[in-house]
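# Inside the fold
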Amino acid sequence: MSRRADDIPGLVERARAGEARAVARLISLVEDESPLLREVMAALAPHTGHAQVIGITGSPGVGKSTSTSALVTELRRSGKRVGVLAVDPSSPFSGGALLGDRVRMQDHALDREVYIRSMASRGHLGGLAWSTPQALRVLDAAGCDVILVETVGVGQSEVEIAGMADTTLVLLAPGMGDGIQAAKAGILEIGDLYVVNKSDRDGADQVRRDLRSMLALAERAEGAWKPPIVKTVAQRGEGLDEVTAEIDRHRGWLESSGELERRRRRRARDEIEAIAVTALRQRWGDVHGRSELDELAAAVVAGATDPYTAADELLDTVTDGP
């Protein structure tokens, strides 16, 4: 037995002091759905709200990991403490994940002001791990100025990052297929900044033109943010200074327009809702094993009641308890 290896106030204090092991332990408690999770979140709450959360998404192959690593380098030049949550897809067979993003970011492994955590998506849709919001709170409380969240890869259902980040970067690259695919994936609705990576390749200017044309078609309210398009070659670190400048400009707009507060309230609301829904599912248990369901199904078939009334009655049995 460890000395209450999970002495939560002590762990939180050590994490706030920058101890990587304490940060790792707290995130592990989050990922493992520890019974101590409520205590962890309560202890972290007074120390959160400082970090700037930046989401990085894009189709597989556009250079998300390389861009994330290059962005860390640029942010460290300005003296910022950086946290990275890199979400890797889980195997549908074993449930495991390669967690290769951590391998690709070894340049920062010895920097005490950079914390990198790879997380398995564990089958969760949305391009993130289900525990990402709580892991963000851990890194925020640990004193990170900026937290970069790299998603699995964007798709039609993988745009959760837009609801979790203050600023969302969408990466594209030439040679990745028809530019209209970008619109199909829904990424033109979520980006605050568009980055055309690998811009030393043929077709980069065309991708930029296509993007600009499609963004011009979007309806925007007066005073709304107009997403810029930046060209980079992340492997050589080119264009990253312009990316950070646009991120700073977007942060200024978020604060002056009140959008930052709105986004964070929306994020907190979604988090509360997700926790409440999870608790309801746990309370519900195995609905197919409940005798009430068979009785209500028989009543619907017999015409004695309708499905909506039956569903209400079933919900009442769940919320009122046995």
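Residues numbered from 1 in each chain as written. Predicted model: local features only at pLDDT ≥ 70, side-chain atom pairs only at ≥ 80, totals over all residues. Heavy atoms only, no water.

## Brief notes about unusual backbone geometry
With phi around 50°, Glu 33 is a residue other than glycine that occupies positive phi space. Turning to its location among the elements, Glu 33 is positioned in the loop between α2 (20-31) and α3 (37-44). Here Glu 33 falls in the partly exposed class, since its relative accessible area comes to 49%. Phi angles above zero are rare outside glycine, and Lys 198 is one such case at about 55°. (Helix = DSSP H or I, 4+ residues; strand = E, 2+ residues; numbered from the N terminus. Buried < 20%, exposed > 50% of the residue type's maximum accessible area, 1.4 Å probe, protein only.)

## Section: the environment of Ala 141
With respect to the helices and strands, the residue Ala 141 is situated in helix α6 (residues 132-141). Residues Ala 141 and His 50, spaced 91 residues apart in sequence, show a C-alpha to C-alpha distance of 8.0 Å. Leaving out residues up to four positions away in the same chain, Ala 141 has contacts with Arg 16, Leu 44, His 47 and Thr 48. (Contact = heavy atoms within 4.5 Å.)

## Focus on the packing of aromatic side chains
Evaluation of the coordinates by the stated rule reveals 1 aromatic pair. A ring pair is formed by Trp 225 and Trp 253, whose centres lie 5.9 Å apart and whose planes are at 45°; its orientation type is tilted. Here Trp 253 lies in helix α10 (residues 240-257) and Trp 225 lies in the loop between α9 (204-216) and β7 (229-231), a separation of 28 residues in the sequence. Judged by relative accessible area, Trp 225 falls into the buried class, the value being 9%. (Phe/Tyr/Trp six-rings, centres within 6.5 Å; stacked < 30°, edge-to-face > 60°.)

## Digging into α6
Burial runs high along α6: 9 of the 10 residues are buried. By the burial criterion, the buried members of α6 are Thr 132, Pro 133, Gln 134, Ala 135, Leu 136, Val 138, Leu 139, Asp 140 and Ala 141. Of the residues trailing α6, Gly 143 is marked for its positive phi of about 95°.

## A look at the nonpolar core
Within the largest apolar cluster, 32 residues are counted, with the highest numbers of intra-cluster contacts made by Val 23, Leu 26, Leu 44 and Leu 139. Sorting elements by how many residues they give to this core places α2 first, with 6 residues. Beyond its immediate stretch of four places on either side in the chain, Leu 26 contacts Leu 11, Val 12, Ala 15, Val 40, Leu 44 and Val 138. Ranked by size, the runner-up nonpolar core spans 24 residues in total, among them Val 114, Leu 148, Leu 171 and Ala 173. (Core = buried A, V, L, I, M, F, W, Y, C linked by side-chain atoms within 4.5 Å.)

## Some thoughts on the confidence of the model for the protein
Overall, the prediction assigns the protein a mean pLDDT of 82, with 80% of residues at 70 or greater. Note that pLDDT drops below 50 for residues 123-127; the model gives that stretch 13 contacts with residues more than four away or on any other chain. (pLDDT = per-residue confidence, 0-100.)

## Here we look at the pattern of salt bridges
Two side chains with opposite charge may pair up if their charged atoms get near one another. Taken as a whole, this structure holds 19 salt bridges when the rule is applied. Here Glu 31 makes a salt bridge to Arg 117, at a shortest N to O gap of 2.7 Å. With Glu 31 in helix α2 and Arg 117 in strand β3 (residues 114-120), this pair connects stretches of sequence that are 86 residues apart. By the burial criterion, Glu 31 is buried, and Arg 117 matches it. Salt-bridge contacts for Asp 248 lead to Lys 80; the nearest nitrogen and oxygen are separated by 3.9 Å. Of this pair, Asp 248 sits in helix α10 while Lys 80 sits in the loop between α4 (64-77) and β2 (82-88), and the two are 168 residues apart along the sequence. A relative accessible area of 43% places Asp 248 in the partly exposed class. We classify Lys 80 as partly exposed; its relative accessible area is 23%. Three or more residues joined by partner-sharing salt bridges are found here, namely Asp 192, Glu 259, Arg 262, Arg 263 and Arg 266. (Salt bridge = Lys/Arg side-chain N within 4 Å of Asp/Glu carboxyl O.)

## Describing a negative patch on the surface
A grouping of Asp 306, Asp 312, Glu 313 and Asp 316 is seen on the molecular surface, where their side chains present a negatively charged patch. By secondary structure assignment, the location of Asp 312 is in helix α13 (residues 307-320). (Patch = residues over 30% accessible without salt bridge, like charges linked within 9 Å, V, L, I, M, F, W, Y side chains within 5 Å. Areas by Shrake-Rupley, 256 points an atom, 1.4 Å probe, with all protein chains shown as cover. Lys, Arg positive; Asp, Glu negative; His and termini not counted. Charge placed at Lys NZ, Arg CZ, Asp CG, Glu CD.)

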